[in-house]
Number of protein chains: 8
Amino acid sequence: MSVATLDFERFARRGYPEAVLSQGKSVAQMTEIVTSWRARADEQPLGTLLLTRVSPEQVAAVHAVLPDAFYDETSALMAWPPEQPEPTGGKVVVVCAGTSDLRVAREATLTARYLGRDVTEVVDVGVAGLDRILAKRDVLRSADVVVAVAGMDAAIVPVVAGLVACPVVAVPTSVGYGTAFEGVAALLSMLNSCSPGVGVVNIDNGYGAGHLAAQISAPKEYGDA
Amino acid sequence: MSVATLDFERFARRGYPEAVLSQGKSVAQMTEIVTSWRARADEQPLGTLLLTRVSPEQVAAVHAVLPDAFYDETSALMAWPPEQPEPTGGKVVVVCAGTSDLRVAREATLTARYLGRDVTEVVDVGVAGLDRILAKRDVLRSADVVVAVAGMDAAIVPVVAGLVACPVVAVPTSVGYGTAFEGVAALLSMLNSCSPGVGVVNIDNGYGAGHLAAQISAPKEYGDA
Amino acid sequence: MSVATLDFERFARRGYPEAVLSQGKSVAQMTEIVTSWRARADEQPLGTLLLTRVSPEQVAAVHAVLPDAFYDETSALMAWPPEQPEPTGGKVVVVCAGTSDLRVAREATLTARYLGRDVTEVVDVGVAGLDRILAKRDVLRSADVVVAVAGMDAAIVPVVAGLVACPVVAVPTSVGYGTAFEGVAALLSMLNSCSPGVGVVNIDNGYGAGHLAAQISAPKEYGDA
Amino acid sequence: MSVATLDFERFARRGYPEAVLSQGKSVAQMTEIVTSWRARADEQPLGTLLLTRVSPEQVAAVHAVLPDAFYDETSALMAWPPEQPEPTGGKVVVVCAGTSDLRVAREATLTARYLGRDVTEVVDVGVAGLDRILAKRDVLRSADVVVAVAGMDAAIVPVVAGLVACPVVAVPTSVGYGTAFEGVAALLSMLNSCSPGVGVVNIDNGYGAGHLAAQISAPKEYGDA
Amino acid sequence: MSVATLDFERFARRGYPEAVLSQGKSVAQMTEIVTSWRARADEQPLGTLLLTRVSPEQVAAVHAVLPDAFYDETSALMAWPPEQPEPTGGKVVVVCAGTSDLRVAREATLTARYLGRDVTEVVDVGVAGLDRILAKRDVLRSADVVVAVAGMDAAIVPVVAGLVACPVVAVPTSVGYGTAFEGVAALLSMLNSCSPGVGVVNIDNGYGAGHLAAQISAPKEYGDA
Amino acid sequence: MSVATLDFERFARRGYPEAVLSQGKSVAQMTEIVTSWRARADEQPLGTLLLTRVSPEQVAAVHAVLPDAFYDETSALMAWPPEQPEPTGGKVVVVCAGTSDLRVAREATLTARYLGRDVTEVVDVGVAGLDRILAKRDVLRSADVVVAVAGMDAAIVPVVAGLVACPVVAVPTSVGYGTAFEGVAALLSMLNSCSPGVGVVNIDNGYGAGHLAAQISAPKEYGDA
Amino acid sequence: MSVATLDFERFARRGYPEAVLSQGKSVAQMTEIVTSWRARADEQPLGTLLLTRVSPEQVAAVHAVLPDAFYDETSALMAWPPEQPEPTGGKVVVVCAGTSDLRVAREATLTARYLGRDVTEVVDVGVAGLDRILAKRDVLRSADVVVAVAGMDAAIVPVVAGLVACPVVAVPTSVGYGTAFEGVAALLSMLNSCSPGVGVVNIDNGYGAGHLAAQISAPKEYGDA
Amino acid sequence: MSVATLDFERFARRGYPEAVLSQGKSVAQMTEIVTSWRARADEQPLGTLLLTRVSPEQVAAVHAVLPDAFYDETSALMAWPPEQPEPTGGKVVVVCAGTSDLRVAREATLTARYLGRDVTEVVDVGVAGLDRILAKRDVLRSADVVVAVAGMDAAIVPVVAGLVACPVVAVPTSVGYGTAFEGVAALLSMLNSCSPGVGVVNIDNGYGAGHLAAQISAPKEYGDA
């Protein structure tokens, strides 16, 4: 294998850094990738390298090459250099219903932060108790973009989208069993949201949601109406 | 064809009347069914005959045999004899999000009424505007059983189930397009409801929901705790 | 992780206790959950905490915090406090075809008992030998609600629903292989039951079925007709 | 188009006549097929030509060439020559639950009769009322092969297969709506039958079921044990 | 039917006007809806009413009540009042591969315009000829949000997302046959886009895409970095 | 668990013995089942007990109770008593394309033998080399029923069914990868066989196929025509 | 609509002409397309314009602009200019099982001919009678590429692929009913062909198959080994 | 098990050697297969034996019998005799988007090489950066057949097919997660390619793609036009 597939030009071309889905890669491949990246980073600005779904073995291999790399256990995400940029642009609010969805929600949160946004996490929004959602109305309405992470019936998505005026990025999760069908039930629910203003990403794709949210809330040239 | 397939003993056996799914039956078959029923009704108690999904041609054919048969255009349901029984047992509340689901909701309402229940319909419950649902909290909490009819994301089901202590019968509808998949999205959402206490029936099966709700709220021998 | 997602108000709001799906949670998370619950239980009435699908490792962790917690191996269910309430309301009958479905049936049984119902289990009801079902006709007809647990062709559901006048809660199980499709065949069979009066829950959701059955057979204010 | 695709050798090769699925063929194609068949029938023994799913326009076109061709409206099946052979071999019993399945059941019945079997039809077998099935136990047990035709939950298949010792050919029908999925629910239920001894054919394939039943009950060289 | 289900408060609550999916509604229902809207519009600011998927019969009924309503034949969209607001915020670019997708693309374009955005349509972007896409690079890069409309392999989505730094809203269309599966192939392709920054809406949901794009490019309080 | 679910009356009722799907059962359950069977076998004729899909651990547990039980490693099938009955009735031919399908084919073979039939296995029938099939024409035509076991394209089923006049029982196998979809491709191919005379059983259900074949070829009262 | 989406450069870029899927286009759009094409054809070499799936109304509209355009009723294909090029390259053999698949097979045949190949059609190849296939062995082995068109079990594909050494292009057709699932059964069978050397195109895509076959058999620079 | 299922005549019949899918076979079976092959190879020309998806245990077993067998770790492919034939015929170019697809791409490469073709691999073709594809335009256009290997959105397939005039063999891979559905998303995308000239093989079937590509680019008798 050569590392030819790393897109070193992406930062220059799109303004956003490269990310590597570590799942399915060998420890040797991971070592080669980060070694190559570190070498290239001396030559040109590449932004922050994000590594998603990193296994414990891969974490060790990466730390052997990049000892100061950031690692978050909940989301299994690594970042190098470890410093998060100073936030610019709008505000991202990431909401999820419970601890089972936290893995994906945190991946979205960290991705958006490393892409330069201010992110707030709200982790106890469930529709079974409306009072709890209504209590979060202010923080939700302070967002420039909301990332809503949910499995099973994904009912928080239309409820949240009905409460805010900003765009909602919806991430189905593979949480649940039986007819949850590994996230398909949540995905279909989100695509059929009765509230407009919802864009959906792949199941468990917290990285993609955080990336899209960062783009949506990027600093803009056009001002307030 | 003989009418041997009508279950004249069902009323005696289960205490609930026979119903005929008219869809897919010829006008001649409908005429034979109601003629046979009328004849048998002179001989034994059969309860009310319900005819569901009746086409305009079938309505005329039934009225030719049973001129006083009840007919509701919204739900395409007929009943004979036309009188609804005096309500007994508990209270049924039928909720749906909008006019598109009304056809199915009304079928549930009329079925439960003809099976002897007091039914209230609430037709403007949508999750996009939580204030509207909260405004209906009292009527919802007055129910002994709720029938929730919804297509698309079906998000009203967990929201309503979270507001009440009684059982919820959920009916997915084939409303919507694309990934609504003729009601499959709503069905999956309902089966994965994050609020317990929800039993689901077939897509567009308003009759089945009304029947089940009538059974759940039937007069009981055991009193209040 | 914080335990903010436990719904301590659920018992007050709906009259039914909280339940935690243990599957997918770490031992540390389980410890935190039960520790938090125990602390809160001193402050307000919370009802019984149910833990479903508990792994042997989780059982040990829970028992370390709540030594007297009830544990049933067949259903992998725990409960605390361990005492079952004195039964009120109607009678629940849980039926299944064989030992393969027992895991789910027992979860339904124990859930309904901890929610305050009198439950009878009938575990040898198969349609291949009708005599065996007919021999159980009396116990089935004594029920105020039947929970029918079945995989594969799920044929016992319409047969049982045809024998009783009360509601039937149907639980598809993931038993079987090939075209059983992890419970989908049974689910579809149940949703298409030719006998009305059947409400369906998610595949393998014994907890949900027991909860719904307990709600259906809860003590009622309205008497016998 | 040439009629080269008619298999004139099938009768000689397999002992069973050719059948033509008329659905999707033009009137001109049907005319060409039966004209060609009639001509060839003068030259060699071809057995009976069966035409299935014949539309009214096709019936007229066939009758123009073969005025004495048999036509059954319920099943939309034609046969020529019209005479049914003298029955040999074992007894076929065709069962279905109701009038909606009769179209397919009749196709099976007529196919088996034209292939030389004695066939009895039982059209009121439903599992909701077990007494009605039990009343038919004797005729079912007189069969050498049973064809069971059913849509929706298809529960009669395992019930019937549990009552008899002979093979059961199961035909799912596209009757029903919503999650019946045009016969898929019935197909899956049949493939997962808890009673062994069931072979399944394509949805609505009454012809194939009648053919297979005729083969199973063909005269045999080996005697009774 | 009452018009209670119109959400007159939506404009006040979310800042975006109500839209009505006309498909599946009767002419009488459409008349009632627009009559009610016109009456209410005298009392409170409601914004522009959008009617999507309007049939020719419905157009006539709407024009009888609102003679000056805007109507676009390509997208079957109506709007009232007919005037588009003065554009504010960012720039929306709508791209599609060909005339078959134009119906959906135009719905997105008009929706975004009526919600107050400046929209440019690019209708000849196909990946089979890369030169044509590259020729549009400048207009694509001038966008603050791109709406990409595509059926079949939907390959323009990752290609376009790779060319721009702004968010992409992807709309699968039901164009194609066979394994296009009414838009499912395009939907899956979009959800698996190898370029990040893509949010997906329901199949053929041009309205939803236009709405989401208008929200993403709404005037912002935070300036350029 | 009690062993109440063993159907001790099946042999008396249907003339075929009980079979137990061992997969998913614990070693303790298996021990209880065979212990109970052995005790009952002293009291009444039960026929041969078949145990399918037995794991090595289960084999040991069964042999501890029934030391002389038959065990075949290829099919993972056990039988007790170990003696096969003297063959009666017609001849069964089991065909499969290769070694991957042998596991299922052997289960069919042994089941039919223990149910009293003479069985011949043909294991190298593939359609890629027609000469090999044609070389087996005589043995295929000597069959009273053929069991055809195949995965992937299952093309041997219509080829074999076109060569013989007797019924064909088709068993899809989960062999293959990707779009073989664990046997679904083979199942669909079989259900759509262009040769009539094919009855299909569940994926990998060698037991069911052998059982059905044994019923089809059971000794008959009616003689050769 | 503008005709901007016609790819006038395709002939120059790839050496193959443009084709237009007429299905779903209005008569006005078809008129605009062919008018534009005719005008451009005066300016540059465009090759032959193929129009597929042309309805009778569209045929008339095209003939009004291009009176000499070729039209084949069986395949609903038009071509202009009408002359087929002198054949070059290898030989294409198109096989299908019967008249139902002829529509698609003919589209493949004509496409390959208009792209410059010598094509032979074999329309009576079915696996139920192997003698008929074996009788065609010589013509099949004379091919440089075979196009195999089949619905339902698609068993001719592996049989034909096993007989020839050249590549096979397989086209599933939507012929059949029930579990044929509009061509999905045939598609899966083809993708799982036990004979290597098979490339599959979309369901009913005769055009694509003819195109691919013409490319495979295009004149080559490298000679015989 | 006997090795009767090895097709020793395949090389003589089709000119291409046998291949064995090792996945799912025991070490003993592998030993028997290669032992049998080696013995037969002394008697008749068999070509090269290819073993695909070989596990490390199987590699050792094969090397015990055939010490000089070729083994490639990336693709898990073995070949014996190890020498690749001198290339004849046309040129094959294998393209894939990244390292995740390399396993399948390499299997295609090696298969085509062992079948006698000259193969070039291009492993960094992604559509997110069009410049990188355009930089490879020359090597792509030098191909007589392209094998395109891709998972997820598979967008490189239509892009590459639009750049070349030769046939494209497309291989979907099971790379990705969630709605990649183990390669189904890529498969559907490929079957719906907006560029004609694409033939698709089973998911992850690098062997089949290499085989088909070798057939397409085999030495031809007909010369350049």
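What you are looking at is a predicted structure, and each value in this text was computed from that prediction instead of being measured.

Things to note about the overall build of chain A
Line of reasoning, step 1. Scanning chain A from N- to C-terminus turns up 9 helices and 9 strands.
Line of reasoning, step 2. The globule rule puts the C-alpha radius of gyration for 225 residues at 17 Å, and the 18 Å found for chain A is close to it.
Line of reasoning, step 3. In terms of overall dimensions, chain A has C-alpha extents of about 50 × 50 × 25 Å along its principal axes.
Line of reasoning, step 4. Residues classed as buried in chain A amount to 64% of the 225 residues present.
Line of reasoning, step 5. By sequence separation, contacts in chain A at least 24 residues apart represent 71% of the contacts at least 6 residues apart.
Line of reasoning, step 6. Counting every atom, chain A has about 7,100 Å² of accessible surface; 51% of that belongs to carbon and sulfur.
Line of reasoning, step 7. Averaging the positions of the 17 positive and the 25 negative side-chain charges in chain A gives two centres separated by 4 Å.

With respect to the sheet that holds strand β3 (residues 70-72) of chain B
Residues and elements named next belong to chain B.
Line of reasoning, step 1. What the 4 strands build is an open sheet, ordered β1-β2-β4-β3; its pairing is mixed. Where the open sheet ends on each side, the last strands, each with one partner, are β1 (19-21) and β3. On average, adjacent strands in this sheet sit at an angle of 15° to one another, irrespective of strand direction.
Line of reasoning, step 2. Direction of pairing for β3 relative to strand β4 (residues 77-80): antiparallel, over a ladder of 3 bridges. Each residue of the ladder has a partner; that of Y71, found in β4, is M78.
Line of reasoning, step 3. Those strands touched by helix α3 (residues 56-65) are β2 (49-52), β3 and β4, and its axis lies near 10° from that of β4.

Topic: helix α4 (residues 102-114) of chain A
Line of reasoning, step 1. With 13 residues, α4 of chain A extends 18 Å from end C-alpha to end C-alpha; this agrees with the ideal 18 Å at 1.5 Å per step.
Line of reasoning, step 2. Following α4 of chain A by one or two positions, G116 of chain A has its phi on the positive side, about 105°.

Some words on the sheet that holds strand β4 (residues 77-80) of chain C
All names here are of chain C.
Line of reasoning, step 1. Sheet architecture is open: 4 strands sit in the order β1-β2-β4-β3, paired in mixed fashion. A strand with exactly one partner marks an edge of an open sheet, and here the two such strands are β1 (19-21) and β3 (70-72). If you compare each strand with its neighbour and ignore which way they point, the axes differ by 15° on average.
Line of reasoning, step 2. Judged from the 3 bridges that link them, β1 and strand β2 (residues 49-52) form a sheet pairing that is parallel. Pairing of L21 across the sheet is with T52, part of β2.
Line of reasoning, step 3. Those strands touched by helix α3 (residues 56-65) are β2, β3 and β4, and its axis lies near 10° from that of β4.

Thoughts on the relation of the copies chain A and chain B
Line of reasoning, step 1. Structural alignment of chain A on chain B gives an RMSD of 0.0 Å, achieved by rotating through 180° and translating 0.0 Å along the axis. Such a combination of rotation and displacement between the chain copies is what one expects of a two-fold axis. Identified as the residue of chain A closest to the rotation axis by C-alpha distance is A155 of chain A, at 2.4 Å.
Line of reasoning, step 2. Both copies present the same face, since 100% of the interface residues in chain A are matched by interface residues at the equivalent positions in chain B.

A closer look at the pattern of salt bridges
Line of reasoning, step 1. One pass over the full model with this rule turns up 24 salt bridges over all chains.
Line of reasoning, step 2. A salt bridge links D204 of chain G to R103 of chain G; its shortest N-O distance comes to 3.7 Å. Placement of the pair is D204 of chain G in the loop between β9 (198-200) and α9 (206-216) and R103 of chain G in helix α4 (residues 102-114), with a sequence separation of 101 residues.
Line of reasoning, step 3. Among the salt bridges present, the one from E43 of chain H reaches R40 of chain H, with a minimum N-O distance of 4.0 Å.
Line of reasoning, step 4. We classify E43 of chain H as exposed; its relative accessible area is 64%.

Some remarks on the interface of chain A and chain B
Line of reasoning, step 1. On the side of chain B, 25 residues touch chain A, which itself brings 25 residues to the contact.
Line of reasoning, step 2. With both chains or domains summed, chain A and chain B bury close to 2,100 Å², and 66% of this area falls on carbon and sulfur atoms.
Line of reasoning, step 3. Looking at the side of chain A facing chain B, the largest losses of area belong to L130, D153 and N192 of chain A, adding up to 28% of the total buried there.
Line of reasoning, step 4. Applying the counting criterion to the chain A and chain B interface returns 0 salt bridges.
Line of reasoning, step 5. At the junction of chain A and chain B, the tally comes to 7 residue pairs in polar contact (both at pLDDT 80 or more).
Line of reasoning, step 6. At the level of elements, α5 (130-134), α7 (156-163) and α8 (184-191) of chain A are the ones that each hand at least two residues to the side of chain A that touches chain B.
Line of reasoning, step 7. Across the side of chain A that touches chain B, the residue classes break down as 16 nonpolar, 6 polar and 3 charged.

Points about the domain arrangement of chain A
Residue and element names in this part refer to chain A.
Line of reasoning, step 1. One can read the domain layout of chain A as domain 1 (10-83) and domain 2 (91-216).
Line of reasoning, step 2. If you average the C-alpha positions of domain 1 and of domain 2, the two centres end up 26 Å apart.
Line of reasoning, step 3. In this assembly, domain 1 packs against domain 2 so that about 1,300 Å² is buried in total across both faces, 61% of it on carbon and sulfur atoms.
Line of reasoning, step 4. For domain 1, the biggest contributors to the area lost against domain 2 are Y16, R53 and T74; these three give 37% of the whole.
Line of reasoning, step 5. On the surface where domain 1 and domain 2 come into contact, there are 0 salt bridges.

Overview of the pairing of strand β4 (residues 77-80) of chain G
Residue and element names in this part refer to chain G.
Line of reasoning, step 1. Of the two faces of β4, both are covered, the one formed by L77 and A79 as well as the one formed by M78 and W80.
Line of reasoning, step 2. Both strand β2 (residues 49-52) and β4 contribute to a ladder of 3 bridges, which runs antiparallel. If you follow L51 over to β4, its bridge partner there is M78.
Line of reasoning, step 3. Hairpin connection between strand β3 (residues 70-72) and β4: a loop of 4 residues separates the two successive antiparallel strands, and A76 in this loop has a positive phi of roughly 60°.

Comments concerning the packing of aromatic side chains
What characterises a pair of aromatic rings is the spacing of the ring centres plus the angle enclosed by the ring planes.
Line of reasoning, step 1. Per the counting criterion, the structure on display carries 8 aromatic pairs over all chains.
Line of reasoning, step 2. With 5.7 Å between their ring centres and 55° between their planes, F70 of chain E and Y114 of chain E make a pair best called tilted. One end of the pair, F70 of chain E, is in strand β3 (residues 70-72); the other, Y114 of chain E, is in helix α4 (residues 102-114), with 44 residues separating them in the sequence.
Line of reasoning, step 3. A residue is classified by how much of its surface remains accessible, and F70 of chain E, at 23% relative accessible area, is partly exposed.
Line of reasoning, step 4. Its guanidinium or amino end placed over the ring of Y177 of chain F, R53 of chain H lies 3.9 Å from that ring's centre, counting from NZ or CZ.

Considerations on the interface of chain F and chain D
Line of reasoning, step 1. Listed as interface residues are 39 residues of chain F and, on the opposing side, 40 residues of chain D.
Line of reasoning, step 2. Summed over the shared surface of chain F and chain D, the result is 0 salt bridges.
Line of reasoning, step 3. Here chain F is connected to chain D by 4 residue pairs in polar contact (both at pLDDT 80 or more).
Line of reasoning, step 4. Looking at the side of chain F that touches chain D, the elements that each hand over two or more residues are α1 (10-14), α7 (156-163), α8 (184-191), β9 (198-200) and α9 (206-216) of chain F.
Line of reasoning, step 5. When residues of the side of chain F that touches chain D are assigned to their parent elements, the largest contribution, 5 residues, is made by α9 of chain F.

Notes on the environment of A97 of chain H
Line of reasoning, step 1. Positionally, A97 of chain H belongs in the loop between β5 (91-96) and α4 (102-114).
Line of reasoning, step 2. A C-alpha to C-alpha distance of 19 Å links A97 of chain H and T179 of chain H, two positions 82 residues apart in sequence.

Focus: the pairing of strand β6 (residues 118-122) of chain H
If a strand is regular, its side chains alternate between the two faces of the sheet.
Line of reasoning, step 1. The sheet contact formed by β5 of chain H and β6 of chain H spans 5 bridges and is parallel. What sits directly across from K91 of chain H, in β6 of chain H, is D118 of chain H.

Structural notes on the arrangement of the chains
Line of reasoning, step 1. At their nearest point, the C-alpha atoms of chain C and chain E are still 21 Å apart, with no contact between the two.
Line of reasoning, step 2. Here chain B and chain H are not in contact; the least distance found between their C-alpha atoms is 14 Å.

What about the packing of helix α4 (residues 102-114) of chain F against α9 of chain F?
Residue and element names in this part refer to chain F.
Line of reasoning, step 1. At a minimum axis separation of 7 Å, α4 and α9 run at an interaxial angle of 35°. Considering the relative orientation of α4 and α9, their crossing is right-handed. Touching V104, E107, A108, T111 and A112 of α4 are G206, Y207, A209, G210, H211 and A214, all from α9.
Line of reasoning, step 2. When its residues are assigned to classes, the contact of α4 with α9 shows 6 nonpolar, 4 polar and 1 charged.

Examining α7 of chain F
Line of reasoning, step 1. Of all 8 residues that make up α7 of chain F, 8 are buried, and the element is covered over most of its length.
Line of reasoning, step 2. Every buried residue of α7 of chain F is listed here: I156, V157, P158, V159, V160, A161, G162 and L163 of chain F.

How each quantity is defined
- Residues numbered from 1 in each chain as written.
- Chains lettered and ligands numbered in written order.
- Predicted model: local features only at pLDDT ≥ 70, side-chain atom pairs only at ≥ 80, totals over all residues.
- Heavy atoms only, no water.
- Helix = DSSP H or I, 4+ residues; strand = E, 2+ residues; numbered from the N terminus.
- Rg over C-alpha atoms; globule rule 2.2 N^0.38 Å.
- Buried < 20%, exposed > 50% of the residue type's maximum accessible area, 1.4 Å probe, protein only.
- Contact = heavy atoms within 4.5 Å.
- Areas by Shrake-Rupley, 256 points an atom, 1.4 Å probe, with all protein chains shown as cover.
- Lys, Arg positive; Asp, Glu negative; His and termini not counted.
- Charge placed at Lys NZ, Arg CZ, Asp CG, Glu CD.
- Pairing = 2+ DSSP bridges.
- Axes fitted to C-alpha atoms, helices over the stretch in contact; angles between N-to-C directions.
- Expected span 1.5 Å × (residues − 1).
- Least-squares fit on C-alpha atoms with pLDDT ≥ 70 in both.
- Salt bridge = Lys/Arg side-chain N within 4 Å of Asp/Glu carboxyl O.
- Buried area = accessible area lost by both parts, 1.4 Å probe.
- Polar contact = N/O pair within 3.5 Å; in protein donor to acceptor, adjacent residues only side chain to side chain.
- Nonpolar A, V, L, I, M, F, W, Y, C, P; charged D, E, K, R; others polar.
- Domains from an automatic or database assignment.
- Phe/Tyr/Trp six-rings, centres within 6.5 Å; stacked < 30°, edge-to-face > 60°.
- Lys NZ or Arg CZ within 6 Å of the ring centre and 35° of its normal.
- Left-handed = near helix turned anticlockwise from the far one by under 90°.

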